[in-house]
Amino acid sequence: MLALLNTPAPLYRGQFTPGHFTASAFVLHGNNVLLIWHAKLLRWLQPGGHVDETDATLADTAARELREEAGIVAETEGLLDLDVHPIPANPKKAEPAHEHFDVRFVFRVDDPSAVAGDDALDVKWVPIRDVSLEETDESVMRALRKLQTM
């Protein structure tokens, strides 16, 4: 991630070599975590996505993506995790395979109301202990293991 900062446009979603920064939100309500059914990757993931020019910080990106994908307005409690994961090529957009350098933040909410929005076909709250039963990936599970030690 430090090396990525020295590339021409580390925040620009059009930089594919090696990739670009993204930000995401691990949202907790009690012992439950919010997951979205991601429209492109077709698995249960945390809300998150690309940096927009209007985002002042990566935490702002995570909060905006949370609003757009789940209809939740919340402030972050801070940094949770850093993750680099592969993104498959998208021939429809002429995007090659690349990597997302994801900066992940923790959010806690009192109101569990959520509604699927941009890039989310569905949203649901899942008990943290049951996330491994969902169609997700190891990077989500690793972040949740880290959350359980906080």
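For the structure itself, consult the block above.
Throughout, residues of each chain are indexed from 1 in the direction in which the sequence is written. Residues qualify for local features only when their pLDDT is at least 70, as the model is predicted, and side-chain atom pairs are given and counted only at 80 or more; totals for whole chains, interfaces and linings, by contrast, use all residues. Here the side-chain values reflect all heavy atoms present in the structure, with hydrogen atoms and water set aside.

1. A closer look at the environment of lysine 146
Piece 1. Counting from the N terminus, the helices are DSSP H or I runs at least four residues long and the strands are E runs at least two residues long. Here lysine 146 is to be found in helix α2 (residues 138–148).
Piece 2. As a C-alpha pair, lysine 146 and aspartate 81 span 65 residues in sequence and 8.0 Å in three-dimensional space.
Piece 3. By definition, residues are in contact when any of their heavy atoms lie within 4.5 Å. Apart from residues no more than four positions distant in its own chain, lysine 146 is found in contact with Leu80 and Asp81.

2. Notes on helix α1 (residues 58–70)
Piece 1. One less than the number of residues in a helix, times 1.5 Å, gives the span that helix is expected to have. Taking 1.5 Å per residue as the helical rise, α1 with its 13 residues ought to reach 18 Å, and the 18 Å between its terminal C-alpha atoms agrees with that figure.
Piece 2. Think of it in three bands: residues with accessible area under 20% of the maximum for their type are buried, residues over 50% are exposed, and the middle band is partly exposed, with areas taken using a 1.4 Å probe on protein chains only. Those residues of α1 that fall on the buried side of the exposure criterion are Thr61, Ala62, Ala63, Arg64, Glu65, Leu66, Glu69 and Ala70.
Piece 3. Next to the buried residues of α1 lie β1 (19–29), β2 (32–38), β4 (48–50), β6 (98–108) and β7 (120–127).
Piece 4. One or two positions beyond α1, positive phi appears at glycine 71, with a value near 70 degrees.

3. Brief notes about unusual backbone geometry
Piece 1. With an omega of -5 degrees, the peptide bond between threonine 17 and proline 18 qualifies as cis.
Piece 2. Positive phi values are uncommon outside glycine, yet leucine 42 reaches one of about 50 degrees.
Piece 3. What makes leucine 42 partly exposed here is its relative accessible area of 46%.
Piece 4. One non-glycine residue, aspartate 119, lies in positive phi territory at about 60 degrees.
Piece 5. With respect to the helices, strands and loops of the structure, aspartate 119 is situated in the loop between β6 and β7.

4. Focus on the pattern of salt bridges
Side-chain pairs of opposite charge can arise whenever the charged atoms involved come near each other.
Piece 1. Just to be clear on terms, a salt bridge is a Lys or Arg side-chain nitrogen sitting within 4 Å of an Asp or Glu carboxyl oxygen. Applying the stated criterion across every chain yields a total of 15 salt bridges.
Piece 2. Note that aspartate 55 and arginine 64 form a salt bridge whose closest N and O atoms lie 2.8 Å from each other. The same class applies to aspartate 55 and to arginine 64, which are both buried.
Piece 3. A salt bridge links glutamate 138 to arginine 145, with the nearest nitrogen and oxygen atoms 2.3 Å apart.
Piece 4. When salt bridges that share partners are traced, they join Asp81, Asp83, Asp102, Arg104, Arg142 and Lys146 into one network.

Keep in mind these values describe shape, not function.
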